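Residues per chain, in single letters:
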Amino acid sequence: MLNSNYFIKYTNSTNSLEYSIEITNLNNKQVFDNSFVRLYKGNKIFSVGKISQWWGPSEENSLILSNQARPFPMISFENNIPTKMRYFDFLGPVSYKIFLGKLESKREIPNAAILGMRIELNPHKRLNIGLSRTAQFGGDGRSVNLETIKDIILGKDNQGKESP
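How each quantity is defined
- Residues numbered from 1 in each chain as written.
- Predicted model: local features only at pLDDT ≥ 70, side-chain atom pairs only at ≥ 80, totals over all residues.
- Heavy atoms only, no water.
- Core = buried A, V, L, I, M, F, W, Y, C linked by side-chain atoms within 4.5 Å.
- Buried < 20%, exposed > 50% of the residue type's maximum accessible area, 1.4 Å probe, protein only.
- Contact = heavy atoms within 4.5 Å.
- Helix = DSSP H or I, 4+ residues; strand = E, 2+ residues; numbered from the N terminus.
- Polar contact = N/O pair within 3.5 Å; in protein donor to acceptor, adjacent residues only side chain to side chain.
- pLDDT = per-residue confidence, 0-100.
- Pairing = 2+ DSSP bridges.

Chemist: Got a sec to walk through the nonpolar core? Specific residues and values, please.
Modeler: Ranked by size, the top nonpolar core spans eight residues in total: W55, L65, F72, M74, F99, L103, A112 and I114. Sequence-distant contacts of I114, defined by excluding residues within four places in its chain, comprise F72, F99, L100, G101, L103, A135, Q136 and F137. Of all hydrophobic cores here, the second largest spans six residues; its members include A113, M117, F137 and I152.

Structure follows, in structure tokens:
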């Protein structure tokens, strides 16, 4: 049997909505990588879909997330244009993004989740500071609750030790 691959892409946008549908046939399996819906409200963006990420210090390398791996399903919230924050204007324009995603089932701990947070500060025209945090948690056999999320945000370990 002949194995054929194809790629279909459709995108559209308005002032408050953007969507993209990408269908790729890889070895007779349809994948929807880089398919998403984004809602714009003022300077805020809410996204749902399988969106490639690139979190690193430059356009040439990425330390945390890159588009070398296939994207995973996620929801995200971010600002569209870096803005100065009241009482913190000394930080310069600030941009941020937070996402929650679900990882694939074919891994050591199947169906784990991933949480990512990134903030970029530009206190001086020649200085850009990016702070990033990602954490994998949950999955089959592991409980997830508000305490788990709080520990992840605070940087506490999640090595698979279940609490009693």
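Chemist: Before we move on, could you go through unusual backbone geometry and cite the residues and values that matter?
Modeler: A positive phi angle, near 70°, is found at Y87, a position not held by glycine. Relative to the elements of secondary structure, Y87 occurs in the loop between β6 (73–79) and β7 (94–102). One non-glycine residue, N111, lies in the positive phi region at around 60°. Relative to the helices and strands, N111 is located in the loop between β7 and β8 (113–124).

Chemist: Requested: an account of the side chain of N25, with residues and values cited.
Modeler: Within the secondary structure, N25 is located in strand β2 (residues 17–26). Of the polar contacts made by the side chain of N25, one reaches the backbone nitrogen of K29; its length is 3.2 Å. Within the structure, the side chain of N25 is placed 3.1 Å from the side chain of Q30, a separation counted as a polar contact.

Chemist: Describe in detail the confidence of the model for the chain, supporting the description with residues and values.
Modeler: As a general rule, the predicted coordinates of low-pLDDT regions are not to be interpreted in detail. A residue-level look at the chain finds 92% of positions with pLDDT of 70 or above and a mean pLDDT of 86. Mean pLDDT across the elements of the chain ranges from a minimum in helix α1 (residues 146–154), with 85, to a maximum in strand β5 (residues 44–50), with 97.

Chemist: Lay out the pairing of β5 in plain terms, naming residues and giving numbers.
Modeler: Here β5 shows a clear split, with I45, S47 and G49 buried on one side and none of K44, F46, V48 and K50 buried on the other. Pairing between strand β4 (residues 36–41) and β5: six bridges, direction antiparallel. Of the residues in β5, the one forming a bridge with K41 is K44. The loop that links β4 with its antiparallel partner β5 comprises two residues; one of these, G42, has a positive phi angle of about 60°. Across seven bridges, β5 lies against β6 in antiparallel orientation. Following the sheet pairing, I45 is matched in β6 by E78.

Chemist: Explain the environment of K97 to me, using residue names and the numbers behind them.
Modeler: Positionally, K97 belongs in strand β7. Looking at K97, the relative accessible area reads 13%, which means it is buried. Along the chain, K97 and E78 lie 19 residues apart, while their C-alpha atoms are 4.2 Å from each other. Apart from the residues within four sequence positions on either side, K97 is in contact with Q53, W55, S76, F77, E78, G116, M117 and R118. Among the polar contacts made by the side chain of K97, one reaches the side chain of Q53 at a distance of 3.1 Å.

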